Amino acid sequence: MPFSDYKTALVTGASGGIGAAVVERLCAEGLQVHALARSAASLAALAERTGCTAHALDVTDLAGITKLTREVPFDVLVNNAGVDRPRKFLEAEADDIELLVDVNLRAVLHLCRLVVPGMVARDRGHVVNISSIAGAYNFNGNSTYHATKAAVSMLSRQLRVDAFGKRVRVTEICPGRVATDIFAHVHGDSPEVRAKFIDGFELPQAKDIADAIAFAIAAPVAVNIGHMEITPTLQVPGGLQTARPGA
Ligand SMILES: NC(=O)c1ccc[n+]([C@@H]2O[C@H](COP(=O)([O-])OP(=O)(O)OC[C@H]3O[C@@H](n4cnc5c(N)ncnc54)[C@H](OP(=O)(O)O)[C@@H]3O)[C@@H](O)[C@H]2O)c1
């Protein structure tokens, strides 16, 4: 099993949601998992529960992630940290654009820059990038989020080209709605927000995404699972609008 070929993993956005579930799963598979997020208390609890190594760090802290990736040769990199600031693009705020580009894209680019060359040199590694169906389809989201996730999607494909000839695997996980606190983080935690996004829906859980990632990692090393789109069964993207002039 390739899991046994890998010893170390770095998971960003690990203090909750999908990231914490991935940490749990990779720890259970015997990897030495480094969990990165800003919330020190949540990470400490995760470390207590799973045995992971906690790094209370902002993923946009370039000096911090550079130091960490120089200290540990990571075999698995899970770029999961992500944020959203929904707003019509015509009303977009400069700070929101900066934040989304910094967290959702710039940090992913830097972590790949810092980690993938070592994987190539060792002829061993697996990059898992969490994008979103927002990177593949247009719907009522927010254009900066869609743009950053589309960029992560293309980066995932391009990494395969740049690592060609080496046993460095790249998997893009493209989720639709998953039952996490992301909606509370984005819209504020309230019964209304939970009713709008979570309550009464049949949704994949964070563990389901972690299981999919584990499946991709556990595939024989000759097998690269490049892209997995995972949506609720009762969710489809798409739609078409046609407006009359002046409407
Ligand atoms: N849930 C969904 O429906 C869904 C759908 C499509 C795609 N996704 C993507 O899946 C990924 C995980 O989402 P989730 O649902 O698990 O979200 P979540 O519950 O809001 O968790 C987001 C994680 O990212 C971390 N994070 C945010 N900003 C950070 C920063 N500057 N530095 C380090 N860590 C940071 C948060 O930790 P701290 O606040 O402690 O830093 C948290 O651990 C994201 O990339 C998201 O875009 C989610």
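Residues numbered from 1 in each chain as written. Predicted model: local features only at pLDDT ≥ 70, side-chain atom pairs only at ≥ 80, totals over all residues. Heavy atoms only, no water.

Comments concerning the environment of Gly19
- By the element assignment, Gly19 lies in helix α1 (residues 17-28).
- A residue is classified by how much of its surface remains accessible, and Gly19, at 0% relative accessible area, is buried.
- Spatially, the C-alpha atom of Gly19 lies 22 Å from that of Arg70, the residues being 51 residues apart in sequence.
- In contact with Gly19, other than residues within four places in its own chain, are Val11, Gly13, Ala14 and Asn80. (Helix = DSSP H or I, 4+ residues; strand = E, 2+ residues; numbered from the N terminus. Buried < 20%, exposed > 50% of the residue type's maximum accessible area, 1.4 Å probe, protein only. Contact = heavy atoms within 4.5 Å.)

Describing the pairing of strand β1 (residues 8-12)
- Burial analysis of β1 places five of its five residues in the buried class, which makes it a mostly covered element.
- Here β1 shows a buried face lined by Thr8, Leu10 and Thr12 and a second buried face lined by Ala9 and Val11.
- Strand direction decides the pairing type here: β1 and strand β2 (residues 32-37), joined by five bridges, are parallel. Within the sheet, the bridge partner assigned to Thr12 lies in β2 and is Leu36.
- The pairing of β1 with strand β4 (residues 76-79) spans three bridges and is parallel. (Pairing = 2+ DSSP bridges.)

Considering the nonpolar core
- Judged by nonpolar contacts, the single largest core of 38 residues is most densely connected at Val23, Leu26 and Val33.
- Every element with two or more residues in this core is listed here: β1, α1, β2, α2 (40-50), β4, β5 (125-130), α8 (206-218) and β7 (227-230).
- Broken down by element, the residue count for this core peaks at nine residues, all from α8.
- Those residues in contact with Val23, other than ones at most four positions away along the chain, are Val11, Ala14, Val33, Ala35, Leu46, Thr50 and Cys52.
- Counting residues in each nonpolar core, the second largest holds 31 residues, with Leu100, Val152, Leu159 and Val170 among its members. (Core = buried A, V, L, I, M, F, W, Y, C linked by side-chain atoms within 4.5 Å.)

Looking at the side chain of Thr69
- Its place among the elements puts Thr69 in helix α3 (residues 62-71).
- On the basis of relative accessibility, which here comes to 11%, the residue Thr69 falls in the buried class.
- At 3.1 Å, the side chain of Thr69 and the backbone oxygen of Thr66 are in polar contact.
- In this structure Thr69 touches Leu10, Phe74, Leu111, Leu114 and Val115, once residues within four positions along its chain are discounted. (Polar contact = N/O pair within 3.5 Å; in protein donor to acceptor, adjacent residues only side chain to side chain.)

Observations concerning empty space enclosed by the protein
- Considering all chains together, one arrives at one cavity of 30 Å³ or more under this definition.
- The space that makes up the largest cavity amounts to roughly 60 Å³.
- Around the largest cavity, the lining residues are Arg85, Arg87, Lys88, Phe89, Ala92, Glu93, Asp96, Ile97, Leu100, Asn142 and Thr144.
- The element best represented in the lining of the largest cavity is helix α4 (residues 94-122), accounting for three residues. (1 Å grid on protein atoms, 1.4 Å probe; cavity = no way out; pocket = protein on both sides within 12 Å on 5 of 7 lines; lining within 4 Å. Points joined across faces, edges and corners; volume = space filled by probe spheres on them.)

Description of unusual backbone geometry
- In the Ramachandran plot, Asp123 falls in the positive-phi region, its phi being about 60° despite a non-glycine side chain.
- Inspection of the secondary structure assignment puts Asp123 in the loop between α4 and β5.
- Residue classification places Asp123 among the partly exposed residues on the basis of a relative accessible area of 25%.

Here's the deal with the site of the ligand
- By nearness alone, 32 residues border the ligand, and Arg38, Ser39, Tyr145, Thr180 and His185 come closest of all.
- At 2.7 Å from an oxygen atom of the ligand is found a side-chain nitrogen or oxygen belonging to His185.
- In isolation the ligand offers 880 Å² of accessible surface; the protein chains occlude 94% of this area.
- Among the secondary structure elements, those contributing two or more residues to the shell around the ligand are α1, β2, α5 (143-162) and α6 (182-187).
- If one sorts the elements of the shell around the ligand by residue count, α6 sits on top with three residues.
- When the residues that make up the shell around the ligand are grouped by side-chain class, the tally is 15 nonpolar, twelve polar and five charged. (Near = heavy atom within 4 Å. Areas by Shrake-Rupley, 256 points an atom, 1.4 Å probe, with all protein chains shown as cover. Nonpolar A, V, L, I, M, F, W, Y, C, P; charged D, E, K, R; others polar.)

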